[in-house]
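# Structural overview for review
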Amino acid sequence: MSQSNNELGRNLLVLLGIFLVMFILNQWMPIHRDDYDYSLIWMTAEHVSSFQDVVHSAYRHYFLHGGRMVTVFCLDLFLWLGKLWFDIVNALMFVALVVLMYFHARRSVEWRQEPVLLAATGLLAWLAFPHFGEVAVWKSGSTVYLWSAVPVALFLLPYNLSLAKGRPVLGSWWLLPMFLLGLIAGWSVENLAVTVVALTAGISWYLRRQGAMAGWMPAGCIGSLLGLIGLVAAPGNFVRYDDQGSGKGILDHIGNQIAGNAEMVLYILPLILLLLCAWRVFKMVLAERQGVQIARGGAELSYRQWALLGFILLLVVSYFNGSFVAWTVRDILYAIVMVPLGLTKPKTIDHFDNLFKGFDEMAIYWLTIFFVYALVKKRLGLSAPVIRQLAEMVKAHEVWQAFPAVRYAGGLLALALLNNLVMLAAPTFPARATFSSVAMIITATIAILRDPVIREYFSGHARVVLGAGAVGLALFTLSAAMLVTYTLRQENDARLAIVQAAAAKGEPIAYMDPIPLKNRALRHVFFADFDNGVTKDGLCKYYGIKDIKVNMEKDSRR
């Protein structure tokens, strides 16, 4: 077997692994929250039971709630077809997005030679997408964000490749398909749709100036513009804005931007640190070309690093055994801080407890990232004196001019920020709305990691550390997400049986205990108990009962 065929096989194994992970998570993720509302003809109590109902429900949604008619149609369709079909297609959508981000990163559709970078794309997507369970697993969320990103990434790929090659990569007969694909891409999510229109218009104009524009380029741009108009002009948007945005001034919108971008930064921390290391390596290479020699760090761990590693392992044991570290810290702080200050009201204690329900998992994640980052810096020779020396010797514009990958990645990062800035007009800006911007940042990171300079330096000096860190983070987050999702599925099924039994007996109220598990596995799991307003309202309407009562005597330590 040739090397090329061998690497193709590895690529297929990588994609198969990603698909299986996503399929299992989707299988274990129950119908939840808004899914019940979308399983009914919109704003009625009638179940969607035919394709005609799917169309009718999407139509009502467009006029009564919002303009995302394409994604709502897909959601209603697959909720009607059945959960298994949705689970399969949703897993395939995630695989498709990973492949498309990889294609955009290398600006080519050739993918036989880099199984490690393809796996890295999947891992960074797993770690960096904000509220992963909400945007990539939960049905009502994934159809909005994941399912919008895939046709957009596919639509933009010919523009990107044409820009990279300086000539059209598609023939004239692609005019109609690109127009239709542009229509779907524009009829996606508001900020992403605006970015698509602006980007395709800009690329078409630039290539026209270069004498390299083809007819499908403006056709696709026009299609995306029409899709954007259909998205934002929906009567339902004005109904929802009256509910959510009425009375909010510019300071509220700016505050939304700050909060949304700040939360995004927390999720993309691994990308930021990788890009920071790569930036310094680029500077190091330029300095070495000037004759400066950089001393490499040793492979041994210091006593502090061994102690930190031991603490991380202790936290992992704690996480899978009741989070005893988190609750020990909680009890100590309660005794020496809360009680002396008189902060013992039930509501205050409840908020205090909530702070520690994700303590172990966040501590493991953050400490591992900074532990790996410190080791990588050491292996690359990026000590504090060296970093200061590089800052003085090599200026940013020199790096920008010397490396094409830096310019391309810089353009993607700027595009990601602009994509978020579009949300300034929105009444709210939750972290999940940064999904498409994070996809651009992941693409930029992979583009940098593909650069020959970075591949040589990282492979030669930091490959073992990066590999071990990647495997460790992947195993922990994946194991946690699988465990929590499976447990929540069992808890959900038990309580759903209570609701179904009450409905069958004609009882107006279903009574149940709360779900004790509150761990969300770094938000790779999205779930709220049955007393949550959205979940309860949808469930009651779906099963024809009046109310759900959850016992409020919850164990705050679970």
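Provided above is the structure to which this section pertains.
A short tour of the structure in this document, coming up. Values in this document were obtained by computation on a predicted structure and should not be read as measured data.

What follows concerns the environment of Ile88. Of note, Ile88 is situated in helix H5 (residues 83-106). As for Ile88 and Asn26, which are separated by 62 residues in sequence, their C-alpha atoms are 8.1 Å apart. Once you skip the residues sitting within four places of it in the chain, Ile88 turns out to touch Phe19 and Phe23.

Further remarks concern the pattern of salt bridges. Summed over the entire model, instances satisfying the criterion amount to twelve salt bridges. Lys83 is the partner of Asp87 in a salt bridge, and the nearest nitrogen-oxygen pair spans 2.9 Å. Note that Asp87 and Lys83 are positioned in helix H5 at a spacing of four residues, about one turn of the helix. Overall, Lys83 belongs to the partly exposed group, its relative accessible area being 22%. Note that Glu491 and Arg495 form a salt bridge whose closest N and O atoms lie 2.6 Å from each other. Note that Glu491 and Arg495 are positioned in helix H23 (residues 452-505) at a spacing of four residues, about one turn of the helix. For the residue pair Glu491 and Arg495, the accessibility class agrees, reading buried in each case. Ionic contacts of the salt-bridge type, sharing partners, join the residues Arg106, Glu114, Arg450 and Arg455 into one network.

The next thing to look at is empty space enclosed by the protein. Regions of empty space are outlined by a rolling probe, equal in size to a water molecule, passed over the atoms. Evaluation of the coordinates by the stated rule reveals one cavity of 30 Å³ or more. A volume near 50 Å³ is recorded for the largest cavity. In this structure, the largest cavity is lined by Tyr145, Ala149, Val189, Asn191, Leu192, Ala433, Phe435 and Ser436. Mapped by element, the contributors of at least two residues to the lining of the largest cavity are helix H8 (139-165), helix H10 (190-209) and helix H22 (435-450). Its residues placed into classes, the lining of the largest cavity shows six nonpolar, two polar and no charged.

A few words on the packing of helix H21 (residues 404-421) against H22. As a packed pair, H21 and H22 sit with axes 8 Å apart at the nearest point and diverge in direction by 170 degrees. Looking at the two axes, H21 sits roughly antiparallel to H22. Note on element contacts: H22 touches H21 through Ser436, Ser437, Met440, Ile441, Thr443, Ala444, Ala447 and Ile448, opposite Ala405, Val406, Tyr408, Ala409, Leu412, Leu413, Leu415, Ala416, Asn419 and Asn420. Grouping the constituent residues of the contact of H21 with H22 by class yields 13 nonpolar, five polar and no charged.

The rules we used
- Residues numbered from 1 in each chain as written.
- Predicted model: local features only at pLDDT ≥ 70, side-chain atom pairs only at ≥ 80, totals over all residues.
- Heavy atoms only, no water.
- Helix = DSSP H or I, 4+ residues; strand = E, 2+ residues; numbered from the N terminus.
- Contact = heavy atoms within 4.5 Å.
- Salt bridge = Lys/Arg side-chain N within 4 Å of Asp/Glu carboxyl O.
- Buried < 20%, exposed > 50% of the residue type's maximum accessible area, 1.4 Å probe, protein only.
- 1 Å grid on protein atoms, 1.4 Å probe; cavity = no way out; pocket = protein on both sides within 12 Å on 5 of 7 lines; lining within 4 Å.
- Points joined across faces, edges and corners; volume = space filled by probe spheres on them.
- Nonpolar A, V, L, I, M, F, W, Y, C, P; charged D, E, K, R; others polar.
- Axes fitted to C-alpha atoms, helices over the stretch in contact; angles between N-to-C directions.
- Parallel < 35°, antiparallel > 145°, perpendicular 65-115°, else oblique.

Worth remembering: the numbers are spatial, not functional.
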